Amino acid sequence: MPAAATACSPRDRLLDAATELFATRGYQAIGLRDLASHLGLRAGSLYHHIENKQCLLFELIESTLADLVFDTKRCMKGARTPKNACSASSRRLCGSTWHTPIACNW
């Protein structure tokens, strides 16, 4: 596979970095300058990819929730009874709460 196909896009790098920084230092503690610096960019260049910090956070939350819904539905598909489906979805939801980086440090 060509290197270009396996490389992360600049936007993906931005989203990954924001997730990491928000999770480790907290949303309030990170400014766009911090995020840009972490990526080796100037703050103004971030605006080619995002509208503002709040929109970035909402996008990360929306993406995380979409993944959670997809995974929960997948877990429930194999259930033979409604009780098993409820148990599977509960385990998935509870497990993801502790493992989702963006949910750990507000």
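Calculation criteria
- Residues numbered from 1 in each chain as written.
- Predicted model: local features only at pLDDT ≥ 70, side-chain atom pairs only at ≥ 80, totals over all residues.
- Heavy atoms only, no water.
- Phe/Tyr/Trp six-rings, centres within 6.5 Å; stacked < 30°, edge-to-face > 60°.
- Buried < 20%, exposed > 50% of the residue type's maximum accessible area, 1.4 Å probe, protein only.
- Lys NZ or Arg CZ within 6 Å of the ring centre and 35° of its normal.
- Salt bridge = Lys/Arg side-chain N within 4 Å of Asp/Glu carboxyl O.
- Helix = DSSP H or I, 4+ residues; strand = E, 2+ residues; numbered from the N terminus.
- Contact = heavy atoms within 4.5 Å.
- Axes fitted to C-alpha atoms, helices over the stretch in contact; angles between N-to-C directions.
- Parallel < 35°, antiparallel > 145°, perpendicular 65-115°, else oblique.
- Left-handed = near helix turned anticlockwise from the far one by under 90°.
- Nonpolar A, V, L, I, M, F, W, Y, C, P; charged D, E, K, R; others polar.

A. Representation of the packing of aromatic side chains. Enumeration over the complete set of coordinates arrives at one aromatic pair. Measuring from centroid to centroid gives 5.2 Å for F22 and Y27, while their planes differ by 75 degrees, and the two rings are edge-to-face. F22 sits in the buried class, given a relative accessible area of 3%. Over the ring of Y27 we find K53; its NZ or CZ atom is 4.2 Å from the centre of that ring.

B. Here's a closer look at the pattern of salt bridges. A full pass over the atoms with the stated rule returns two salt bridges. Put simply, E59 and R11 hold a salt bridge, and the shortest N to O gap is 2.3 Å. In this pair, E59 is assigned in helix α4 (residues 53-77) and R11 in helix α2 (residues 10-25), connecting sequence segments 48 residues apart. Given the relative accessible area of 27%, E59 is considered partly exposed.

C. Seen up close, the environment of L15. Secondary-structure assignment places L15 in helix α2. Along the chain, L15 and L35 lie 20 residues apart, while their C-alpha atoms are 9.9 Å from each other. In this structure L15 touches L56, E59 and L60, once residues within four positions along its chain are discounted.

D. Here's a closer look at the packing of α2 against helix α3 (residues 32-39). The interhelical angle for the contact between α2 and α3, taken along N-to-C directions, is 120 degrees, at an axis separation of 10 Å. Taken as axis vectors, α2 and α3 run oblique relative to one another. The crossing of α2 and α3 is right-handed. Contacts between α2 and α3 involve R13, L14, A17, A18, E20 and L21 from the first element and D34, L35, H38 and L39 from the second. Residues belonging to the contact of α2 with α3 are distributed by class as follows: six nonpolar, one polar and three charged.

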